[in-house]
Amino acid sequence: MSDASQSSSQIQQELLAEVQAELARRNTSQVARKPEPPPVAPDAISPLVASALLTCLALLAGTGIGLALVYAPSPDDAAASLDWMQRSGVGAWVRAMHWHGANLMVALCGAYLFWLVWRGLYRRPGQVRWWRCGALGALALAFYMTGQFLPCDQNALHGTVIRLGYLAEAPLAGPWLREMAAGGSEPGFAALARFLALHVIVLPAATLLLLRGLWGDARYAGGAGPVIGVAATVVALVALAALFVGAPLGLAGNPGEPFPQARPEWFGLALFLLVKAVPGGTAQQAVLFVPPALALAALGGLPFVETAAAQPARLHKPLRVAALVCLVAGLMLSLVAVWEDHKQKAGWFTQPELDKLMAQIGRRNEALGHSTHPLPANAHAAARDARLLSARLRGLYVADIEESQKAQWDQWATDMESLADRIITTTAETERRKLRAQLRQVCADCHKLHADEEIALEPKLPAPVARRPDPPPETPPARPLLDPARLAGLAPLAIEARDLRSTRRLMNRAKFRLRDLMRAAGESEGEPEGSPEQHFVDLREAVRLFGAKWDDNQGTHADKAAWDRYMRDLGAALDGLRDAKTGPDARARFAAVGKVCDDCHNAGDWAEPFEWQFSDLKR
Amino acid sequence: MPPSRTPTPPPASAPETPARRDFLRVAVHGGVLLGAAGAGCLAALPRATEEPPDDLLPLAEIAALAKLEPGTPQRFEITLARRDGWRVVQRTRRLFLLRRSGGDTAAAFAAFSSVCPHAGCEVETTGKEYICPCHQAKFDANGEAAAGPAPRGLDPLELAVQPRDGKPWLHVRWQEFVTGIAQRVPRTT
């Protein structure tokens, strides 16, 4: 044996000894490796469906963000804000994609669950995938139910009222659950806040927990990620469907207005038929809550009933039959529900009735407010409803309409639609009022022609509310306006020569001093300045000076005697101010001065070159 | 040679690895935290307050009801103030008034809520009967359940004759009831 091989053997011995020592330290005799989970049985369909589900989730998240940028979370504005979004073609397309994506999501979850049952893939080691798919299906339904309320249109509101009623029938916690969801007697602001929080925060967060596993489901053995072809197909299909079929958006929700079109979504039609068929009470509770309870039990329990794919499947065949029966029964019941509605002209097939439509339009007309008032803050919502309702008038004629009048009827309906739409888009208040008047005029013309009646177009104004009169303002005690002692020795201030030459300038001087005096008495707005006695003396002097200028009165008074009379009266009225006391006394004396001024100005023989009134001095 | 020790037999189940212990720790702690956060959120939600019964609201002047034909329901609308979260909103609700006999007392009339006792939809009248457009529940003119899934008849509302502006007026008190059950249980929230 060579030295090299001897050395190698020694090294091996030493290494082995070290390993054994380590094993001894770990108190075991063999290396324990983490067991690899047995591989999930490969199948061709699961990666395709999982890829489609992932694509749907991405589409819903993307379009959901787009919707959230425009959506106004208020029952009064939700439908109007979405309608505003849909005015642009892209907005309507994005919303339609969200709607089609949500429908596809529910359908895919159902199909995936069916496939897993059909192939027995709920058994171990595929049980996690089975539970994940079930959870995703439940989340898809929760997303749909919460999202369905968000537009707050008639369908959303009435659908939610019905579902909340069902929820209240749940055993044990029903009323509490309803209260938690609705936050009040009927769905409104509080319910919307809760539904929105669930739809955009809680449910997406729960979905994120499933994403990693779903990503794994979407991989073929050895593949890197979801099947790109499937993803592209799903996007193309949803985008194309959204181009041709838009998401529904009806009248603004009003719990007091009947909505005969209230029907569940396509996946709830079977349950709807059963609820319609059984009497309310316990039977209805059984219909509402036993099938979901059974589905939940199957979802959670099947992997425990049939433990492993390797064992012979005892229940596989019965389960296949049960799944097939459920699918076929669900389809049949849904078809029967639609067929019954079709036969009875109910639900989606409800025929519009002219009288009811007119009553609905009348209510929106009232909501647009009285013509003497500005349009109310919610005019956009009323106008939007009026637009939708007017469109339904086309082709829905009164019974005795002549053939030649049908075109006119349709034109009126189109005009109303257009006018209501312009109320939404126009900003100028005057223009909006004009549009409201035109809208009402179309109604009046139509009623006049077809019913030979004059209709009341204006809503009733609310009765004036009796208002307690304001308490009289506290007046300071009266005091003499002028101090006779100070007045006695006071001389007027000097007047510039150019002012002395102009009647107009002298009159202006008199006006300003009169205003200063009124401010001192609290009879004119503005802070009093200077001495009232000085103002009075200057006023008196200015009047004396322009009183002597009949020759320069710009011809407004041709008769000198009249001019002198006015000047005399003005002097007497001004002298009356010497003994004035603040308050009503001064007010009356100033009014006497003002009356002479106004009379003189109004009695001129020619029009004055400028307009002036004594009342201007009060400001 | 290092001293050898007798190897112990392997445990029956796989030992708890650090990774598994970490996962369990995170799962338990995370679950408790999430549960506490969820319970906190639910507790923080303002509960719907119990509202006092509505006032008697004027419906119509008795003299004006003289033309109401016996047995033919007439639809009326009333406006109610309802608490909705942080604000009070005005809601219009509908009711049906029926003249049962002659006379001007409240007993000569009956009023029914338009809310279907089955699932809460708005009931409509044909003039002879009431029909719910949602599940096709039918009620006769007196409000009794006639066909369909409704578990009870239409819910009657309290009526009273009270003076208003010096004239006798029929007044009504609005009330909502729990839907879907045979008993008539007033809803107070």
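Presented here is a report on the structure given in the accompanying data block. Remember, predicted model here, so these are calculated numbers, not experimental data.

About the cut-offs
Residues numbered from 1 in each chain as written. Chains lettered and ligands numbered in written order. Predicted model: local features only at pLDDT ≥ 70, side-chain atom pairs only at ≥ 80, totals over all residues. Heavy atoms only, no water. Pairing = 2+ DSSP bridges. Helix = DSSP H or I, 4+ residues; strand = E, 2+ residues; numbered from the N terminus. Salt bridge = Lys/Arg side-chain N within 4 Å of Asp/Glu carboxyl O. Buried < 20%, exposed > 50% of the residue type's maximum accessible area, 1.4 Å probe, protein only. Contact = heavy atoms within 4.5 Å. Buried area = accessible area lost by both parts, 1.4 Å probe. Polar contact = N/O pair within 3.5 Å; in protein donor to acceptor, adjacent residues only side chain to side chain. Core = buried A, V, L, I, M, F, W, Y, C linked by side-chain atoms within 4.5 Å. Axes fitted to C-alpha atoms, helices over the stretch in contact; angles between N-to-C directions. Disulfide = S-S within 2.5 Å.

### A short note on the pairing of strand 9 (residues 156-164) of chain B
Residue and element names in this part refer to chain B.
Then comes step 1: The sheet contact formed by strand 4 (residues 109-113) and strand 9 spans two bridges and is antiparallel. Looking at the pairing, Ala-111 lines up with Leu-157 of strand 9.
Then comes step 2: Pairing between strand 9 and strand 10 (residues 167-173): seven bridges, direction antiparallel. For Arg-164, the partnering residue across the bridge sits in strand 10 and is Lys-167.
Then comes step 3: In textbook terms, the turn of a hairpin is the stretch between consecutive antiparallel strands, and for strand 9 and strand 10 this stretch comprises two residues, one of which, Asp-165, has a positive phi near 55°.

### Details of the pattern of salt bridges
Residues and elements named next belong to chain A.
Then comes step 1: Considering all chains together, one arrives at 37 salt bridges over all chains under this definition.
Then comes step 2: Among the ionic pairs, Glu-431 bridges to Lys-434, the shortest N-O distance being 3.9 Å. In this pair, Glu-431 and Lys-434 are both assigned in helix 16 (residues 429-451), three residues apart and thus about one turn of the helix distant.
Then comes step 3: Residue class for Glu-431 comes out partly exposed when judged on its relative accessible area of 26%.
Then comes step 4: A salt bridge links Asp-564 to Lys-560; the nearest nitrogen and oxygen atoms lie 2.9 Å apart. Of the two residues, Asp-564 and Lys-560 are both situated in helix 21 (residues 560-575); the distance of four residues between them amounts to about one turn of the helix.
Then comes step 5: Here Asp-564 falls in the partly exposed class, since its relative accessible area comes to 27%.

### A short note on the interface of chain B and chain A
Then comes step 1: The interface is formed by 38 residues belonging to chain B together with 46 residues belonging to chain A.
Then comes step 2: Between chain B and chain A the total buried area reaches about 3800 Å² when both faces are included, carbon and sulfur atoms providing 54% of it.
Then comes step 3: Between the two partners, chain B and chain A, sit four salt bridges.
Then comes step 4: Between Glu-186 of chain A and Arg-91 of chain B there is a salt bridge; the shortest N-O distance is 2.8 Å.
Then comes step 5: The tally of links from chain B across to chain A stands at 10 residue pairs in polar contact (both at pLDDT 80 or more).
Then comes step 6: Counting residues per element, the ones that place at least two in the side of chain B that touches chain A are strand 2 (74-84) and strand 3 (87-99) of chain B.
Then comes step 7: For the side of chain B that touches chain A, the element with the most residues is strand 3 of chain B, which contributes six residues.

### Section: the nonpolar core
Residues and elements named next belong to chain A.
Then comes step 1: Grouped together as the largest cluster of nonpolar side chains are 43 residues, with contacts concentrated most on Leu-53, Met-105, Tyr-112, Trp-130, Leu-136 and Leu-214.
Then comes step 2: Breaking this core down by element, the ones donating at least two residues are helix 2 (46-68), helix 4 (89-118), helix 5 (127-149), helix 8 (189-217), helix 9 (228-244), helix 11 (282-305) and helix 12 (316-344).
Then comes step 3: Looking at which element gives the most residues to this core, the answer is helix 4, with 11 residues.
Then comes step 4: Formed by 33 residues, the second largest nonpolar core is a distinct cluster that contains Leu-481, Ile-495, Ala-542 and Phe-590.

### Comments concerning the sheet that holds strand 7 (residues 138-139) of chain B
Then comes step 1: With antiparallel pairing, four strands are arranged side by side in an open sheet as 5-6-7-8 (chain B). The open sheet is flanked by strand 5 (124-125) and strand 8 (145-147) of chain B, the only strands paired with a single partner.

### Quick word on the environment of Ala-262 of chain A
Then comes step 1: Among the structural elements, Ala-262 of chain A can be located in the loop between helix 9 and helix 10 (269-277).
Then comes step 2: With 86 residues separating them in the primary sequence, Ala-262 of chain A and Trp-348 of chain A have C-alpha atoms 7.7 Å apart.

### Let's talk about the sheet that holds strand 1 (residues 56-61) of chain B
Two strands in a sheet stick together by hydrogen bonds in their backbones, pointing the same way (parallel) or opposite ways (antiparallel).
All names here are of chain B.
Then comes step 1: The antiparallel open sheet is built from six strands, whose spatial order is 1-10-9-4-3-2. Sheet topology places strand 1 and strand 2 at the edges, where each strand pairs with a single neighbour. With direction set aside, neighbouring strand axes in the sheet form an average angle of 40°.
Then comes step 2: The pairing of strand 2 with strand 3 spans 11 bridges and is classified as antiparallel. Its bridge partner being in strand 3, Phe-76 is matched across the sheet by Leu-95.

### Describing the environment of Arg-178 of chain A
Then comes step 1: Within the secondary structure, Arg-178 of chain A is located in helix 7 (residues 174-182).
Then comes step 2: In this structure, the C-alpha to C-alpha distance between Arg-178 of chain A and Arg-163 of chain A, residues 15 residues apart in sequence, is 9.3 Å.
Then comes step 3: For Arg-178 of chain A, the residues in contact, after removing those within four places along its chain, are Leu-164, Leu-167, Ala-168, Gly-183, Gly-184, Ser-185 and Glu-186 of chain A together with Arg-187 of chain B.

### What about the state of the cysteines?
Then comes step 1: Evaluated as defined, the whole model comprises one disulfide over all chains.
Then comes step 2: Each sulfur of the disulfide joining Cys-121 of chain B and Cys-134 of chain B lies 2.1 Å from the other. Residues Cys-121 of chain B and Cys-134 of chain B are joined by a disulfide whose S-S torsion is about -105°; by sign, that bridge is left-handed. One end of the pair, Cys-121 of chain B, is in the loop between strand 4 and strand 5; the other, Cys-134 of chain B, is in the loop between strand 6 (130-131) and strand 7, with 13 residues separating them in the sequence.
Then comes step 3: In this structure Cys-133 of chain A is a free cysteine whose sulfur lies 5.8 Å from that of Cys-109 of chain A, the closest cysteine sulfur available.

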